[in-house]
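Architecture at a glance
These are the residues of each chain, in order.
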Amino acid sequence: MSRTVAESMALMEQETHLTESQPASPGTLRPGGRTAKVRRAVLDATQDALADTGFHALNMDRIAATAGVGKTTVYRRWGSPVGLVTDLLHDMAEQSLPASDTGSLAGDLRTNAELVRATLTDTRMGAVFRAVIAAAACDEDCARALADFYRTRLGEWAPVVAKGAARGEIPAGTDPTELLRAVSAPLYYRFAVTREEVTADVAERAVTAALAAARDGVFIRAQPVGDLPFARE
């Protein structure tokens, strides 16, 4: 992402304020005001680098140069490529589109599946997700950050399942997380494991299968042993 000389000079001035503060743990930086511009520039540069060359080629000095900020700031505030990826995943979770409300669970699940499919098949974002999945496979901090990203997204969409249960479309007690995972899992399997095309038909089949299983009670939460009738006898 190219920047003008004036923009780079402004960011260089802003980043000097960051270097005077204490280092943050990777992924915990939430600056506001002028420092937000520095963070945005660094995370945009990180996303570009992941899409272009992947995680293992991520270079802190090049990120700083591309972002137009001093490398001292990048090292102090993010610490390592893992820190950059961790913060990027937090940022992506915060900026993701909100859950839909189509008026039916089937409609909401189709919207969810299409959002996942569109992300994975997008030239840029597909490459970014391949990079962070690869990073998570070999680094525990990246794995936790990726898990946090999906936990945030599942939490955002959980209410559509609760609404579906309230409308009687699926049994009460259906676990929203397990149902949503059942929708997206076939898409991620084709994307990350078998490298098959993730088509609209694949997304529709995933929704149909997950919804049928939900209607049959497959995703109903198991009752704790203490809540079962025989446990109180």
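Residues numbered from 1 in each chain as written. Predicted model: local features only at pLDDT ≥ 70, side-chain atom pairs only at ≥ 80, totals over all residues. Heavy atoms only, no water.

Examining the pattern of salt bridges
- Enumeration over the complete set of coordinates arrives at 14 salt bridges.
- One salt bridge in this structure joins R110 and E204, with 3.0 Å as the shortest N-O distance. Of this pair, R110 sits in helix 6 (residues 105–121) while E204 sits in helix 10 (residues 200–215); the two residues are 94 residues apart in sequence, bridging distant segments of the chain.
- Here the salt bridges do not stand alone but share partners, grouping R39, R40, D44, D87 and D91 into one network. (Salt bridge = Lys/Arg side-chain N within 4 Å of Asp/Glu carboxyl O. Helix = DSSP H or I, 4+ residues; strand = E, 2+ residues; numbered from the N terminus.)

What to know about the packing of helix 3 (residues 60–67) against helix 4 (residues 71–78)
- Interhelical geometry of helix 3 versus helix 4 gives an angle of 120 degrees and a closest axis separation of 8 Å. Relative to helix 4, helix 3 is oriented oblique. In this structure, helix 3 crosses over helix 4, and the sense of that crossing is right-handed. Only K71, V74 and Y75 of helix 4 make contact with helix 3, whose side of the interface consists of M60, D61 and A64. (Axes fitted to C-alpha atoms, helices over the stretch in contact; angles between N-to-C directions. Parallel < 35°, antiparallel > 145°, perpendicular 65-115°, else oblique. Left-handed = near helix turned anticlockwise from the far one by under 90°. Contact = heavy atoms within 4.5 Å.)

So, the state of the cysteines
- Following the criterion strictly, the structure yields zero disulfides and no others.
- Of all cysteine sulfurs, the one in C142 lies closest to C138, which takes part in no disulfide; the gap is 7.0 Å. (Disulfide = S-S within 2.5 Å.)

A word on the environment of F219
- Mapped onto the secondary structure, F219 falls in the segment after helix 10.
- Counting along the chain gives 48 residues from F219 to P171, while the straight-line C-alpha distance between them is 9.0 Å.
- Sequence-distant contacts of F219, that is, excluding residues within four places in its chain, are made with G173, T174, D175, E178, L179, A182, A210, A213 and A214.

So, helix 10
- Taking 1.5 Å of rise per residue, 16 residues should cover 22 Å, and helix 10 covers 23 Å from first to last C-alpha, within 8% of that figure.
- Listed as buried for helix 10 are V202, A203, A206, V207, A210, L211, A213 and A214. Angularly, the buried residues of helix 10 cover 160 degrees about the axis, an arc narrow enough to put them on a single face. Within helix 10, the exposed residues directed more than 90 degrees away from the buried face are D201 and R205.
- On its buried face, helix 10 is in contact with helix 6 and helix 9 (176–194). (Expected span 1.5 Å × (residues − 1). Buried < 20%, exposed > 50% of the residue type's maximum accessible area, 1.4 Å probe, protein only. Arc of directions from axis to C-beta.)

Some thoughts on the confidence of the model for the protein
- Summarising the model, the protein shows a mean pLDDT of 86, and 81% of its residues fall at 70 or more.
- The element-level mean pLDDT for the protein is lowest in helix 1 (residues 5–19), coming to 47, with helix 10 highest at 98.
- This stretch, residues 12–25, has a pLDDT under 50; its non-local contacts, to residues over four places away or in other chains, come to 26 contacts. (pLDDT = per-residue confidence, 0-100.)

Observations regarding the packing of aromatic side chains
- Overall, the coordinates contain three aromatic pairs when judged by the stated rule.
- Through a chain of ring-to-ring contacts, the aromatic side chains of F129, F149, Y150 and Y188 assemble into a single cluster.
- We note R130 situated over the ring of F191; from NZ or CZ to the ring centre the distance is 4.1 Å. (Phe/Tyr/Trp six-rings, centres within 6.5 Å; stacked < 30°, edge-to-face > 60°. Lys NZ or Arg CZ within 6 Å of the ring centre and 35° of its normal.)

Here we look at the nonpolar core
- Formed by 62 residues in total, the largest nonpolar core has its most connected members in V42, L50 and L179.
- Once residues lying within four places of it in the same chain are set aside, the contact partners of L50 are F55, L58, V85, L88, A127, V128, A131 and V132. (Core = buried A, V, L, I, M, F, W, Y, C linked by side-chain atoms within 4.5 Å.)

Points about the environment of A64
- Note that A64 resides in helix 3.
- Accessibility expressed as a relative area gives 2% for A64, which makes it buried.
- Beyond its immediate chain neighbours, meaning those up to four positions away, A64 contacts V69, G70, K71 and V74.

A closer look at helix 7 (residues 123–138)
- With 16 residues, helix 7 extends 24 Å from end C-alpha to end C-alpha; this agrees with the ideal 22 Å at 1.5 Å per step.
- Sitting at the amino-terminal end of helix 7 is D122, which places a side-chain oxygen 3.1 Å from the backbone nitrogen of R124. (Polar contact = N/O pair within 3.5 Å; in protein donor to acceptor, adjacent residues only side chain to side chain.)

Regarding the environment of G155
- Along the chain, G155 falls in helix 8 (residues 140–166).
- Through-space distance from the C-alpha of G155 to that of P176 is 8.6 Å; in sequence the pair is 21 residues apart.

Some details on unusual backbone geometry
- Of note in the backbone geometry, R195 takes a positive phi value of approximately 55 degrees without being a glycine.
- Relative to the elements of secondary structure, R195 occurs in the loop between helix 9 and helix 10.
- Given the relative accessible area of 57%, R195 is considered exposed.

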